[in-house]
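Spelled out from the first residue to the last, the chains are:
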Amino acid sequence: MTLSRKATVILIFTVALLSTALAHAQDKVTRGQYLVTTSGCHDCHTPWVMGPKGPHPDMTRALSGHPADFALPPAPQASGPWIVSASATNTAWSGPWGVSFTANLTPDPETGLGKWTLKNFKDTIRTGRHMGRGREILPPMPIPMYKNFNDADLEAIFAYLQSVPPLRNRVPEPLPPSSTSAAK
Amino acid sequence: MRAMFARIVLLSLAASIAIAGDAPLPQPPADAVAFTPRYPLWTDGMSKRRWLHVPKGASIDKSDPDAWEFPRGTRAWKEFSRDGVPVETRTIERLADGSWRYLTYAWNASGTAATLAPEDGIPERGIPSRADCLACHEGAPAPILGYSAVQLTTSLAPALGYLHGNCGHCHNDAALPALDLTLQQRSTDPKASAARTYASLVGRASRFRPHGAADAQRLVAGHPEHSVLVSRMKSRDPLTRMPPLGVSVVDAEGVALISRWIEQQIQQPQEEAP
């Protein structure tokens, strides 16, 4: 085999390997998109707006969490069996735990998951703590169910979340239960 | 052969039951070493006793001074007492496969006997779940946090020692790289790790912002009252306070130590370690 033939074979082999790796990565992102769109992530992490047919997720702000510029008055007092209320955006939730604001899941480095590692993400979902080490993740995030995702699913979800357009949106910190709330 | 197999099965079953049920606390053996870290973790003012036991003939690999490698079979105990009565004992054990097992034992009211706490802990008594054990212990280079070169032999400025002992097991470059906040100190080059801590604290924007604040800094030189580091240490809100677990009472002495340090020793951003 001449030198140029050898070089050609190596080139074809390398391209084939790269293509396989790329296809695999793309498969993972596609699988992640499927899981994100079927597991209800947009229900709370994409702000909802009112349309002619009722509220629907505003996909121009997909997965960017509770809008920082959406000023909210104090949540209504819980009454009887009605213990939870949600904002019109579906991104702020008041209940016995206080008020939770859904996180920015886009890869914005300062306000989203841009600097997160896969391990940070997996630890968060598995432990129900911020980055696996910080404060508890609050309702309505369904940690008790999502912690059962297997490793491959969580890797796919994270790969997809890292692939969506980064949106800058600094979500406020949660509020503790007020002294007059039903949480007492 | 069949009898031997049956015996192994029975022994395994007995071991499983012992782990899952009301297993009594295994006491530290006579040759366990009692130790006290220089920079202890604040745990609501409880007093603590600690022991380490390494199997006979085995030794700790200290070739990386800041990440000691404990041999299989190593076990550590930490006993928490209030008013002289033991309330809880936590154990960490390195298993034959190299993994670590974390168990917590709850003492009875008179402090005469302790039994294994359930996997979810006993929240009303402040006894952590197994997952909570991992949250702190698996963020550090070695999970036995109080038995390390820094904790046993390294002289640090008191504030840096406090931050190392109370925060550094999570706030380090390996556990939470996204935060770029390093409070862990190193025995090999304490000056460099102190400089890294200053650089990641002083004048740096805080990801956490109090409600209504457009901006916040982790540490404002000379101003503890404006420093998120202090406000989160002082917070009684479980969603805000630091550390986020294992603590429910503010460490007033710790807050005073860090506040004095910020007020008196950090006057300029990125000042050299005192």
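## Observations concerning helix 5 (residues 190–201) of chain B
Residues and elements named next belong to chain B.
Piece 1. Look at helix 5: 16 Å from first C-alpha to last across 12 residues, which is about the 16 Å you get at 1.5 Å a residue.
Piece 2. The inward-facing, buried residues of helix 5 contact helix 4 (158–167), helix 6 (228–234) and helix 7 (252–265).
Piece 3. Just downstream of helix 5 lies G203, where phi reads positive at about 75°.

## Description of the domain arrangement of chain B
All names here are of chain B.
Piece 1. According to the domain assignment, chain B consists of domain 1 (2–123) and domain 2 (154–265).
Piece 2. Opposite the eight residues of domain 1 that make contact, domain 2 presents 16 residues.
Piece 3. Surface buried jointly by domain 1 and domain 2 totals about 1100 Å² across both partners, of which 48% is contributed by carbon and sulfur atoms.
Piece 4. The three residues of domain 1 that bury the most area against domain 2 are Y39, W42 and D66, which together make up 58% of that side's buried surface.
Piece 5. One can count one salt bridge joining domain 1 with domain 2.

## Some points on the interface of chain B and chain A
Piece 1. At the junction of the two partners, chain B supplies 20 residues and chain A supplies 20 residues.
Piece 2. Interface area for chain B against chain A, summed over the two sides, is near 1800 Å², with a carbon-plus-sulfur share of 60%.
Piece 3. When the area that chain B buries against chain A is broken down by residue, the three leading residues are A178, H211 and L239 of chain B, summing to 36%.
Piece 4. There are two salt bridges connecting chain B and chain A.
Piece 5. Between E173 of chain A and R207 of chain B there is a salt bridge, with its nearest N and O atoms 3.5 Å apart.

## Let's talk about the pattern of salt bridges
Residues and elements named next belong to chain B.
Piece 1. Under the counting rule described, the total for this entry stands at 23 salt bridges over all chains.
Piece 2. Among the ionic pairs, R90 bridges to E88, the shortest N-O distance being 2.6 Å.
Piece 3. Note on R90: relative accessible area 21%, which makes it partly exposed.
Piece 4. E88 sits in the buried class, given a relative accessible area of 3%.
Piece 5. A salt bridge links D173 to R196; the shortest N-O distance between them is 2.8 Å. In this pair, D173 is assigned in the loop between helix 4 and helix 5 and R196 in helix 5, connecting sequence segments 23 residues apart.

## Let's talk about empty space enclosed by the protein
Residue and element names in this part refer to chain B.
Piece 1. Within the structure shown, the criterion is met by three cavities of 30 Å³ or more.
Piece 2. Reported here for the second largest cavity is a volume of approximately 140 Å³.
Piece 3. What lines the second largest cavity is a set of 16 residues, and nearest its centre among them are M233, M242, P243, V247 and D251.
Piece 4. Of the residues forming the lining of the second largest cavity, the biggest block, three residues, is contributed by helix 4.
Piece 5. Among the residues making up the lining of the second largest cavity, the classes are represented as 10 nonpolar, three polar and three charged.

## Quick look at the nonpolar core
Piece 1. If you look at the biggest cluster of nonpolar residues, it comprises 46 residues, and the most contacted ones within it are F121 and L161 of chain A together with L201, I258 and W261 of chain B.
Piece 2. Where this core is concerned, the elements lending two or more residues are helix 1 (3–38), helix 3 (118–127) and helix 5 (151–161) of chain A together with helix 4, helix 5, helix 6 and helix 7 of chain B.
Piece 3. With six residues, the top contributor of residues to this core is helix 5 of chain A.
Piece 4. What L201 of chain B contacts, discounting residues up to four positions off in sequence, is L163, L181, L183, R218, L219, L229 and W261 of chain B.
Piece 5. Residues L52, W100, I144 and A149 of chain B belong to the second largest nonpolar core, which totals 14 residues.

Cut-offs and rules
Residues numbered from 1 in each chain as written. Chains lettered and ligands numbered in written order. Predicted model: local features only at pLDDT ≥ 70, side-chain atom pairs only at ≥ 80, totals over all residues. Heavy atoms only, no water. Helix = DSSP H or I, 4+ residues; strand = E, 2+ residues; numbered from the N terminus. Expected span 1.5 Å × (residues − 1). Contact = heavy atoms within 4.5 Å. Domains from an automatic or database assignment. Buried area = accessible area lost by both parts, 1.4 Å probe. Salt bridge = Lys/Arg side-chain N within 4 Å of Asp/Glu carboxyl O. Buried < 20%, exposed > 50% of the residue type's maximum accessible area, 1.4 Å probe, protein only. 1 Å grid on protein atoms, 1.4 Å probe; cavity = no way out; pocket = protein on both sides within 12 Å on 5 of 7 lines; lining within 4 Å. Points joined across faces, edges and corners; volume = space filled by probe spheres on them. Nonpolar A, V, L, I, M, F, W, Y, C, P; charged D, E, K, R; others polar. Core = buried A, V, L, I, M, F, W, Y, C linked by side-chain atoms within 4.5 Å.

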